[in-house]
Amino acid sequence: MTARNRRLPRHRAWPLTTTDVNECLGPHMARVRDLEFLTGPDSGTIVLGAAWVAPHSRNHGSGVHPDSVGITIGVHPVDATERAAVRAVLRAQALPQLHEWVTRAVAADETWQLTDHRHYWRLTGGRLTHRDEA
């Protein structure tokens, strides 16, 4: 990405690329409604997030637009000096787990799909953990 289009401070970098996520998910990528490369405040130990947005009304009495329902993925920035190491861990461990999570979300029963879900991958001291969070 060129410096002009970077949107991140020089000391921050995204550990994954669009290609990484596309290769991981393959045909399931068509079910992802939004792939975001986040630019906001530091996410702490979170390096990757996935969410299922349920088809329920967020406005009192209004319907839900179909484009707002489905899977979103967020790639969180990391320190630029740690990018290569974080990328290696995410490609080896987190991306296969993301594929599994997306596969389960797509095949989930109606009860699961009618509730919002969030899943985060955290990297602390070189150790990757992941879990569903509210």
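Worth saying up front: this structure is predicted, and the values here are computed from it rather than measured. (Residues numbered from 1 in each chain as written. Predicted model: local features only at pLDDT ≥ 70, side-chain atom pairs only at ≥ 80, totals over all residues. Heavy atoms only, no water.)

**Considerations on the overall build of the protein**
Here comes step 1: Looking only at helices and strands, one finds three helices and seven strands in the protein.
Here comes step 2: Start at the N end of the protein and walk to the C end: the helices and strands fall as β-α-β-β-β-β-α-α-β-β.
Here comes step 3: Taking all contacts inside the protein whose residues are at least 6 apart in sequence as the whole, residues at least 24 apart take part in 71%.
Here comes step 4: Per element, the accessible surface of the protein, about 7900 Å² overall, is 51% carbon and sulfur. (Helix = DSSP H or I, 4+ residues; strand = E, 2+ residues; numbered from the N terminus. Contact = heavy atoms within 4.5 Å. Areas by Shrake-Rupley, 256 points an atom, 1.4 Å probe, with all protein chains shown as cover.)

**Quick look at the layout of surface pockets**
Here comes step 1: Its boundaries defined by the atoms lining it, the largest pocket holds a volume of some 220 Å³.
Here comes step 2: The wall of the largest pocket is formed by 17 residues, among which Val 47, Val 78, Glu 82, Val 86 and Leu 123 lie closest to the centre.
Here comes step 3: Among the elements of the structure, β3 (46–53), β5 (78–79), α2 (83–107) and β6 (117–124) are those that each provide at least two residues to the lining of the largest pocket.
Here comes step 4: Counting residues per element, the lining of the largest pocket draws most heavily on α2, which supplies three residues. (1 Å grid on protein atoms, 1.4 Å probe; cavity = no way out; pocket = protein on both sides within 12 Å on 5 of 7 lines; lining within 4 Å. Points joined across faces, edges and corners; volume = space filled by probe spheres on them.)

**A look at the pattern of salt bridges**
Here comes step 1: All told, the structure shown has seven salt bridges when counted by the stated rule.
Here comes step 2: The shortest N-O distance in the salt bridge between Arg 91 and Asp 20 comes to 2.5 Å. Placement of the pair is Arg 91 in helix α2 and Asp 20 in helix α1 (residues 18–25), with a sequence separation of 71 residues.
Here comes step 3: By relative accessible area, which is 38% here, Arg 91 ends up partly exposed. (Salt bridge = Lys/Arg side-chain N within 4 Å of Asp/Glu carboxyl O. Buried < 20%, exposed > 50% of the residue type's maximum accessible area, 1.4 Å probe, protein only.)

**A look at the packing of α1 against α2**
Here comes step 1: For the pair α1 and α2, interaxial distance at closest approach is 9 Å and the crossing angle is 45 degrees. In terms of orientation, α1 and α2 fall into the oblique class. As for the relative orientation of α1 and α2, their crossing is right-handed in sense. For the pair formed by α1 and α2, the contact residues are Asp 20, Glu 23, Cys 24 and Leu 25 on the first element and Arg 87, Arg 91, Leu 95, Leu 98, His 99 and Val 102 on the second. (Axes fitted to C-alpha atoms, helices over the stretch in contact; angles between N-to-C directions. Parallel < 35°, antiparallel > 145°, perpendicular 65-115°, else oblique. Left-handed = near helix turned anticlockwise from the far one by under 90°.)

**Structural notes on the packing of aromatic side chains**
Here comes step 1: Tallied over the full model, the rule gives three aromatic pairs.
Here comes step 2: Consider the rings of Trp 52 and Trp 112, whose centres lie 5.9 Å apart with planes at 45 degrees: the pair is tilted. Residue Trp 52 is located in strand β3, and its partner Trp 112 is located in helix α3 (residues 110–113); the two are separated by 60 residues in the primary sequence.
Here comes step 3: Here Trp 52 falls in the buried class, since its relative accessible area comes to 6%.
Here comes step 4: For the pair Trp 101 and Trp 112, a centre-to-centre distance of 6.1 Å together with 65 degrees between the ring planes defines the contact as edge-to-face. You can see Trp 101 sitting in helix α2 and its partner Trp 112 sitting in helix α3, a full 11 residues away along the chain.
Here comes step 5: Classification of Trp 101 by relative accessible area gives buried; the value is 3%.
Here comes step 6: Through a chain of ring-to-ring contacts, three or more aromatic side chains come together here, namely Trp 52, Trp 101 and Trp 112. (Phe/Tyr/Trp six-rings, centres within 6.5 Å; stacked < 30°, edge-to-face > 60°.)

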